[in-house]
Amino acid sequence: MNWDAADFDWNQARAFLATAEEGSLSAAARALGVTQPTLSRQVSALEEKLGITLFERGPRMTSLTSAGLEVLDHVRAMHEAAARLSLSASGQSQAVAGLVRIATTDTLACYHLPDMLISLRETAPDIEIEIRTSNKLQDLIQREADIAIRHARPKEPDLIAKKVRTTSATLYASTEYLDRVGRPQDVEDLQKLKFIGVDTSDTLIPHLKQNGLALTTSNFAVSADSGLAAIELARKGLGVGLFIADEVSQFPDLEIVWPEFQPFPVPIWLVTHRELHTSKRIRLMFDLISDYYGRK
């Protein structure tokens, strides 16, 4: 084994990771409980040791260079390994126990959470998980959930939010439906199709209008307040749906309706209550979910 290849201080790597995650040296220093000059020296020392520039430094924020982006994934993996080592050495994998309640959409609960829980079972098998499928942030405010995974950033001051991923949503329909009604060649063709509404028939109308698609309630023959139900309605050939790419990629019977349609960016926010963030089990689950999306 080449021991010289890893000849740098872990504290320097941790300072780099915190700065990348928090977005600035000052925020990273607060997160790690050190002074900003100390953290800045650690980052600079790592840059010198590696012989590369990791950040473009601005007056308020820092942005990763291309070299920094390449290093980031490796340092994240080091951080996860160090956390697992710490848990194993101290016996915390058995000591971190209790209930964690997670609120999220039904599609995220079905297509994302199971893989996260497999990792959790390996790290902290005594944590019990309760999943609530809901689209309302009231779950956190009323303490009916400990962690929420949402597509909108909360505005409440008592909630801590971290954007862990940005995906996209576009228009999908079943191959059978498009074979039957014809694939649209232009916006006029697209506006003649039947659509699947979200919550109510008119919810999507203003959003689609931003992309040049002028629909009316007559376009919506069916609507659903469940993402899973909407996907199944589309798979059965009942119309066109606006779906997140991550959640329908596993269904080969669904295809993009009109490639020229500009996809909507869809952020994924990880949210918890400020007071709960200090709980070991909630913090562990929060970090595990964050790491999961960081690897996607």
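Residues numbered from 1 in each chain as written. Predicted model: local features only at pLDDT ≥ 70, side-chain atom pairs only at ≥ 80, totals over all residues. Heavy atoms only, no water.

**Quick look at the packing of aromatic side chains**
Taken as a whole and judged by the stated rule, the model has five aromatic pairs. Ring geometry for Y111 against F251: centres 6.1 Å apart, planes inclined by 75°, an arrangement best described as edge-to-face. Of this pair, Y111 sits in helix α6 (residues 106–111) while F251 is found in the loop between α13 (245–248) and β10 (254–256), placing the two residues 140 residues apart along the sequence. With centroids separated by 5.9 Å and ring planes inclined at 50°, the aromatic side chains of F195 and F220 adopt a geometry described as tilted. Here F195 is found in strand β7 (residues 195–198), whereas its partner F220 is found in strand β8 (residues 220–224), with 25 residues between them in sequence. (Phe/Tyr/Trp six-rings, centres within 6.5 Å; stacked < 30°, edge-to-face > 60°. Helix = DSSP H or I, 4+ residues; strand = E, 2+ residues; numbered from the N terminus.)

**Observations concerning the environment of F16**
With respect to the element layout, F16 can be found in helix α1 (residues 10–22). Once the C-alpha coordinates of F16 and F55 are considered, the two residues, 39 residues apart in sequence, prove to be 9.0 Å apart.

**Examining the environment of L233**
For L233, the position within the fold is in helix α12 (residues 227–235). Considered as a pair, L233 and S174 are 59 residues apart in the sequence and their alpha carbons are 9.4 Å apart. Look past the residues within four positions of L233 in its chain and what remains in contact with it is I196, V222, A224 and L238. (Contact = heavy atoms within 4.5 Å.)

**What to know about the confidence of the model for the protein chain**
Confidence in the prediction for the protein chain averages 85 pLDDT; 89% of positions are at 70 or higher. No element of the protein chain has a lower mean pLDDT than helix α5 (residues 92–95), at 46, and none a higher one than helix α9 (residues 175–181), at 97. Long-range and interchain partners of residues 87–94, a stretch whose pLDDT sits below 50, account for 11 contacts in this model, where long-range means more than four residues apart. (pLDDT = per-residue confidence, 0-100.)

**Observations regarding helix α3 (residues 36–50)**
Helix length check: α3, at 15 residues, gives a terminal C-alpha distance of 21 Å against a target of 21 Å (1.5 Å per residue), a fit within 8%. Where α3 is concerned, the buried positions are L39, Q42, V43, L46 and E47. Projected down its long axis, α3 shows its buried positions confined to an angular sector of 135°, all on one face. The exposed residues of α3 that point more than 90 degrees off its buried face are R41 and E48. Where α3 is buried, its residues contact α1, α2 (25–32) and β1 (55–57). (Expected span 1.5 Å × (residues − 1). Buried < 20%, exposed > 50% of the residue type's maximum accessible area, 1.4 Å probe, protein only. Arc of directions from axis to C-beta.)

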